[in-house]
Amino acid sequence: EIRHPDYPGERLVVCRNPRLAEERARKREDLLQATEARLEPIVAAVAEGRLRGAARIGLRVGRVINRHKVGKHFAVEITDDALHLARKPSEIAAEAALDGLYVIRTSVREATLGADQVVHTYKQLSQVERAFRTWKGIDIQVRPIHHWSEERVRAHILLCMLAYYVRWHLERAWAPLLFRDEERPMLPDPVAPAERSAVALRKASTQQLEDGTPVHSFRTLLDSLRSIVRNRVVPRGLPDSAAFDIVTTPTPQQARALALLGITRAT
C-alpha cells in the first residue's frame, strides 16, 4: 500500500498477479519475434540491394513494425542503402517490470478495510456487473420503459431494484439447490484468481445433488415451484360457504426449497 500527493485522501493498493505477469511476458516475446520475422525479408532486400532509398525502405518498415503494437521496442536506423533494426532492451525491461501489476484506489480508511479487504471488495464488482446483466436481460427486463414522466421512470427503476434484491436473497437461500457456491472459500492471497468450492464443482460435473435429485438454475427452480397451485373447490349443489381450498402437495425438492425460505408448507 502506498500514498502519493497526486491522490490526497486516497490509499493506493498495489497488487501483482504472477500468473498475469507470466502471460504478458510470454505474449510480449511472441509479438516481438513475430515482428522480427516480418521485418527479416525487408532487411534482406535492403542488404541485397533489391530495396533502396530511405523513403521506400521506411514505407515498407512502417507497414509491418506496428502491426503487433510493439514497434516502440525497436530502434530503427534507415539510410538510402542500409537498414538497422535492434530491440531496445532497457525499454523492454522497464515495461516487463510492470507486468502483472495494477493499482486500486480507495478513499475508505484503513480502520474500515485493510489492504487485503480492499482487493477482495474490488473483485466483488463482478457481482455488480452481473446484476446489471440480470437487469437488462430476460430475467427482469428493465427496458423498454414505457413511461413519460420522471417520477414514473424512477418508480420503474426502483421496482426493478427491489425485484433484483428479492432475487439476490432467493439465490443465497437456495444455493444448496443451485449451480452456485454455497460458500465460496476465502483465498489467503487476495490477488489469486477466484476458485469454485468443491461442492459447486461436484454439482456442475454430476448435475445432481447428494440425494440424487437434479441441480437447478434459478430459472428452472422457479419453473418447478410454479406447479404448486391452490384450487378453490365448490361442491356441486352446496352453498358457497361449503367451498374449500386444495393446495398441491410439494415434491421433496419443492418442500426443501420452501423450507430454505422458512416456509413450512405451501399455502
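Note that this is a predicted model, so its numbers are computed, not measured.

**Topic: the packing of aromatic side chains**
Here is step 1: Following the criterion strictly, the structure yields 1 aromatic pair and no others.
Here is step 2: Ring geometry for Trp174 against Phe218: centres 6.0 Å apart, planes inclined by 40°, an arrangement best described as tilted. Placement of the pair is Trp174 in the loop between α6 (150-173) and α7 (198-206) and Phe218 in helix α8 (residues 218-225), with a sequence separation of 44 residues. The two residues Trp174 and Phe218 agree in class, both being buried.

**Section: the packing of helix α1 (residues 18-47) against helix α2 (residues 54-65)**
Here is step 1: In contact at an axis separation of 9 Å, α1 and α2 are set at 170° when each is read in the N-to-C sense. One finds that α1 runs roughly antiparallel with respect to α2. Contacts between α1 and α2 involve Thr35, Arg38, Leu39, Ile42 and Val46 from the first element and Ile57, Arg60, Val61, Val64 and Ile65 from the second.
Here is step 2: Residues belonging to the contact of α1 with α2 are distributed by class as follows: 7 nonpolar, 1 polar and 2 charged.

**A word on the confidence of the model for the chain**
Caution applies to low-pLDDT parts of the model: their predicted coordinates are not meant to be read in detail.
Here is step 1: When pLDDT is averaged across the chain, the result is 88; 97% of the residues are at 70 or more.
Here is step 2: The lowest-confidence element of the chain is helix α5 (residues 125-136), averaging 79 in pLDDT; the highest-confidence one is helix α3 (residues 89-96), averaging 95.

**Comments concerning α1**
Here is step 1: Over its 30 residues, α1 extends 42 Å from the first C-alpha to the last, a length consistent with the 44 Å expected when each residue adds 1.5 Å.
Here is step 2: Largest kink in α1: about 30°, centred on Leu39, with the proline Pro41 one to four residues after it.
Here is step 3: Next to the buried residues of α1 lie β1 (11-16), α2, β2 (74-78), β3 (83-87) and α3.
Here is step 4: Among the residues of α1, the N-terminal cap falls to Asn17, whose side-chain oxygen and the backbone nitrogen of Arg19 are separated by 3.0 Å.
Here is step 5: Of the residues flanking the end of α1, it is Gly49, one or two places downstream, whose phi is positive at about 85°.

**Notes on unusual backbone geometry**
Here is step 1: Even without being glycine, Lys69 reaches a positive phi, approximately 60°.
Here is step 2: Note on placement: Lys69 falls in the loop between α2 and β2.
Here is step 3: Non-glycine residue Gln207 carries a positive phi angle of around 65°.
Here is step 4: Inspection of the secondary structure puts Gln207 in the loop between α7 and α8.

**Side note on a nonpolar patch on the surface**
Here is step 1: Together, Ile2, Val14, Leu98, Leu101 and Val103 give the surface a local cluster of nonpolar side chains, amounting to about 410 Å² of exposed area.
Here is step 2: With respect to the secondary-structure elements, Val103 resides in strand β4 (residues 101-106).

**Details of the pattern of salt bridges**
Here is step 1: Evaluated as defined, the whole model comprises 18 salt bridges.
Here is step 2: A salt bridge links Arg105 to Glu10; the shortest N-O distance between them is 3.0 Å. Here Glu10 lies in the segment before β1 and Arg105 lies in strand β4, a separation of 95 residues in the sequence.
Here is step 3: Notably, a salt bridge pairs Arg180 with Glu171, separated by 3.7 Å at the nearest N-O pair.
Here is step 4: Residue Glu171 is classed as buried on the basis of its relative accessible area of 5%.
Here is step 5: By sharing partners, the salt bridges in this structure join Arg28, Lys72, Glu95 and Asp99 into a single network.

Rules behind the numbers
Residues numbered from 1 in each chain as written. Predicted model: local features only at pLDDT ≥ 70, side-chain atom pairs only at ≥ 80, totals over all residues. Heavy atoms only, no water. Phe/Tyr/Trp six-rings, centres within 6.5 Å; stacked < 30°, edge-to-face > 60°. Helix = DSSP H or I, 4+ residues; strand = E, 2+ residues; numbered from the N terminus. Buried < 20%, exposed > 50% of the residue type's maximum accessible area, 1.4 Å probe, protein only. Axes fitted to C-alpha atoms, helices over the stretch in contact; angles between N-to-C directions. Parallel < 35°, antiparallel > 145°, perpendicular 65-115°, else oblique. Contact = heavy atoms within 4.5 Å. Nonpolar A, V, L, I, M, F, W, Y, C, P; charged D, E, K, R; others polar. pLDDT = per-residue confidence, 0-100. Expected span 1.5 Å × (residues − 1). Bend = angle between axes of the 7 residues up to and from the residue. Polar contact = N/O pair within 3.5 Å; in protein donor to acceptor, adjacent residues only side chain to side chain. Patch = residues over 30% accessible without salt bridge, like charges linked within 9 Å, V, L, I, M, F, W, Y side chains within 5 Å. Areas by Shrake-Rupley, 256 points an atom, 1.4 Å probe, with all protein chains shown as cover. Salt bridge = Lys/Arg side-chain N within 4 Å of Asp/Glu carboxyl O.

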